[in-house]
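As a plain string of letters, each chain reads:
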Amino acid sequence: MVPPGATCPNCGAAVPTDAFLCPACHEPVGEELWDIPTATEEAPAEAEPVEAVPAPRAAASPPAATTRPRVAPTRRPPASNPFSQDFARRLGRLNQWAESVESLGVTIPRLPAWAEEAAREATNPEPWAEVVRGVERIAQRRIITAFEAWAKSTKGRLTRLEAYSVDSRLERDQIEDALHTARTGDIAQALATYRQVDRVVSIKERHLDQAREELERVVALLKDMHALGIEPPQDPAETADVLEAELRAGKLASLKQQIRALRLQAVGKLKSNLPRYITEYGDYLVEERTHGIATELEAIDLARGARDFFRGHPEEGLRRLRALQEMHGLPPGRSSRGGARPAR
């Protein structure tokens, strides 16, 4: 038997006298327990509390359970939604399309803000993915329709340029390329080609329109000179035919040189002849005024026409003087080839 008051040499728990195993750690107890003081022996006073200290440890859980720290279970991060990146990419592409096709005069649908938020946070993204794909299909159909309308109108513009011998074969090929890439879904490339073609065609049209405007202005100047009784440097009708032929042949550089030289000749002749015309017409208005005819408005128009010419705007000045002549007639003694004096 184990002596009374013995403790386990392994864990220090109290061991009953009839036990062969420690009730706490279940280890066998040996004969070394006989060396522990018994209750009949006189033990020192300070040794008496020894039995009370290990007693609470007997009721504790096994050492293995008390020495292992509790570790919180590792939480795996939530799985990333593969739709989120694809959704952001598709949404960015739709926004880019919407901004780029404004010049084509087309609007494409967009997802409202609440739908974008719901799609990003959806646990089941497949329905939202189908919605985005449907919006893309609608947008692409509208863009293709707009491209077809643009191609038709641009080909009409090219036909006008070709009537003036302006080469446009490259632009026609690029139009077909833009239509093809738009139909295959490469909207960005189609828009880039569209912008390039539209810019080049606009430049060619602007050069042609400027040449046309200069031609018409110099021909009108010659006609106004003829109407006012001032002999122009060249016949207006013949000059118009010659310059029109140059324009139709696409010889814009040569045409501009001819127009510039002809205008200089006309202005030089006007500087020597127009002051006399203005003086005679002013005397004519004064004479009519002495006969009780109101000529204040005609005098203002005459002064304005003279001012425009001497300020470097001969076309505007002669146009005003010709309009005055058509309304009020020519002074007596001047050639009436510009039009007879209206009846009063």
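Quick note: structure is the one above.
Heads up: these notes are all about the structure in this document. Bear in mind the structure is a predicted one, so any value in this text is a computation, not a measurement. (Residues numbered from 1 in each chain as written. Predicted model: local features only at pLDDT ≥ 70, side-chain atom pairs only at ≥ 80, totals over all residues. Heavy atoms only, no water.)

1. Digging into the environment of Glu216
Phase 1: On the secondary structure map, Glu216 appears in helix 7 (residues 187-227).
Phase 2: C-alpha separation for the pair Glu216 and Leu243, spaced 27 residues apart in sequence, amounts to 9.4 Å. (Helix = DSSP H or I, 4+ residues; strand = E, 2+ residues; numbered from the N terminus.)

2. Observations regarding the packing of aromatic side chains
Phase 1: A complete count under the given rule lists six aromatic pairs for this structure.
Phase 2: Ring centres 5.8 Å apart and planes at 35° place the aromatic pair Tyr277 and Tyr281 in the tilted group. One end of the pair is Tyr277 and the other is Tyr281, both in helix 9 (residues 252-290) and four residues apart, which spans about a single turn.
Phase 3: Take Tyr277: its relative accessible area is 1%, and that puts it in the buried class.
Phase 4: You can call Tyr281 buried: its relative accessible area is 0%.
Phase 5: Judged by centre distance (5.5 Å) and plane angle (85°), the rings of Tyr281 and Tyr284 are edge-to-face. Of this pair, Tyr281 and Tyr284 both sit in helix 9, three residues apart, roughly one helical turn. When sorted by exposure, Tyr281 lands in the same class as Tyr284, which is buried.
Phase 6: One residue, Arg248, lies across the ring of Tyr164, its end atom 4.3 Å from the ring centre. (Phe/Tyr/Trp six-rings, centres within 6.5 Å; stacked < 30°, edge-to-face > 60°. Buried < 20%, exposed > 50% of the residue type's maximum accessible area, 1.4 Å probe, protein only. Lys NZ or Arg CZ within 6 Å of the ring centre and 35° of its normal.)

3. Focus: the environment of Asn10
Phase 1: Tracing the backbone shows Asn10 in the segment before helix 1 (55-58).
Phase 2: Along the chain, Asn10 and Cys25 lie 15 residues apart, while their C-alpha atoms are 7.6 Å from each other.

4. Side note on the packing of helix 5 (residues 126-163) against helix 6 (residues 169-183)
Phase 1: Two numbers describe how helix 5 lies on helix 6: the axes approach to 10 Å, and their chain directions differ by 175°. By the angle class used here, helix 5 and helix 6 are roughly antiparallel. Between helix 5 and helix 6, the residues in contact are Gln140, Ile144, Phe147, Glu148, Trp150, Ala151, Thr154, Lys155, Leu158, Thr159 and Glu162 and Glu171, Arg172, Ile175, Glu176, Ala178, Leu179, Ala182 and Arg183, respectively.
Phase 2: Its residues placed into classes, the contact of helix 5 with helix 6 shows nine nonpolar, three polar and seven charged. (Axes fitted to C-alpha atoms, helices over the stretch in contact; angles between N-to-C directions. Parallel < 35°, antiparallel > 145°, perpendicular 65-115°, else oblique. Contact = heavy atoms within 4.5 Å. Nonpolar A, V, L, I, M, F, W, Y, C, P; charged D, E, K, R; others polar.)

5. A short note on helix 10 (residues 296-310)
Residues three or four positions apart in an α-helix share a direction because the helix packs 3.6 residues into each turn.
Phase 1: Taking 1.5 Å of rise per residue, the 15 residues of helix 10 would be expected to cover 21 Å, and the 21 Å separating its terminal C-alpha atoms lies within 8% of that figure.
Phase 2: Buried residues of helix 10: Glu298, Leu302, Gly305, Ala306, Asp308 and Phe309, and no others. The arc that holds every buried residue of helix 10, seen down its axis, measures 160°, which confines them to one face. The exposed residues of helix 10 that point more than 90 degrees off its buried face are Leu297 and Phe310.
Phase 3: Where the residues of helix 10 are buried, they touch helix 9 and helix 11 (314-328).
Phase 4: Directly beyond the C-terminal end of helix 10, a positive phi value near 95° is found at Gly312. (Expected span 1.5 Å × (residues − 1). Arc of directions from axis to C-beta.)

In short, the description is geometric, and any link to function would need to be established separately.
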